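One-letter residues, chain by chain:
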Amino acid sequence: MKKIVFTLAALMTMTLAFAEGETKTNAAVAAEQAKYEMNINVSALARTLGLNSDEFDAVSYISDNLKKDMKKAGAAEGEDRANLYKKAIKHNLSYMHAVLDEDQYRTYVKLLNATLNNRGLNEK
């Protein structure tokens, strides 16, 4: 009887240790993916950049595309993630450059860089 109890205790301990390791791994993956989630407050961005209604609509659409592209990048692994990230930022900047004037675009680039730096996504 004593052997059975010790065997069950050892089995439960190993199972819990295994589950704990998996939780940490899943938490690390979730934290990495969360860095790529872009929740852009377009109203605040419009106030900061001084957008008119047409520009607001275009910036809102472009921001939604960035959110979707960054979510794809966050779900990818390794080099695919880096490529999708670069592609998303490149497309976003090119679309914003087409919509915004030079001063607005310069301010937008500063805000985007600050956001990416704070999330640890800009390459050093």
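This text goes with the structure placed above it.
Starting afresh in each chain, residues are numbered from 1 along the sequence in its written order. Only residues with pLDDT of at least 70 get local features here, since the model is predicted, and only at 80 or more are side-chain atom pairs given and counted; chain-wide, interface and lining totals rely on the full set of residues. For side-chain calculations, the full set of non-hydrogen atoms in the structure is used, while hydrogens and water are omitted.

The biggest cluster of nonpolar side chains holds 22 residues, and the ones touching the most others in it are Leu 66, Met 70, Tyr 85, Leu 100 and Tyr 108. In this text, helices come from DSSP runs of H or I with a minimum length of four residues, and strands from runs of E with a minimum of two, each type numbered from the N-terminal end. Listed by contribution, the elements that provide at least two residues to this core are α2 (42–49), α3 (53–75), α4 (78–99) and α5 (102–119). Considering each element in turn, this core owes the most residues, five residues, to α3. The contact definition used throughout considers only heavy atoms, calling two residues in contact when any of these lie within 4.5 Å. In this structure, Leu 100 is in contact with Leu 49, Leu 51, Val 59, Tyr 105 and Tyr 108, ignoring residues within four places of it in sequence. Within this scheme, the nonpolar core is defined by two criteria: the residues are buried Ala, Val, Leu, Ile, Met, Phe, Trp, Tyr or Cys, and they are joined through side-chain atoms within 4.5 Å. Three exposure classes are used, based on accessible area relative to the maximum for each residue type with a 1.4 Å probe and protein chains only: buried under 20%, partly exposed in between, and exposed over 50%.

Further remarks concern the layout of surface pockets. Gaps left between atoms are located by rolling a probe of water-molecule size over the structure's atoms. For each structure, a 1 Å grid was placed over the protein atoms alone; sets of points admitting a 1.4 Å probe that cannot get out are labelled cavities, open sets with protein on both sides within 12 Å along at least five of seven lines are labelled pockets, and lining residues have an atom within 4 Å of a point. Grid points are joined across faces, edges and corners, and a volume is the space filled by probe spheres set on the points. Roughly 210 Å³ of internal volume is contained in the largest pocket. Forming the boundary of the largest pocket are Met 38, Asn 39, Ile 40, Asn 41, Ala 44, Leu 45, Thr 48, Tyr 108, Leu 111, Leu 112, Thr 115 and Arg 119. Counting only elements with at least two residues in the lining of the largest pocket, the list comes to α2 and α5. No other element matches α5, which puts five residues into the lining of the largest pocket. Partitioned by chemical class, the residues of the lining of the largest pocket number seven nonpolar, four polar and one charged. The classification used treats Ala, Val, Leu, Ile, Met, Phe, Trp, Tyr, Cys and Pro as nonpolar, Asp, Glu, Lys and Arg as charged, and all other residues, Gly among them, as polar.

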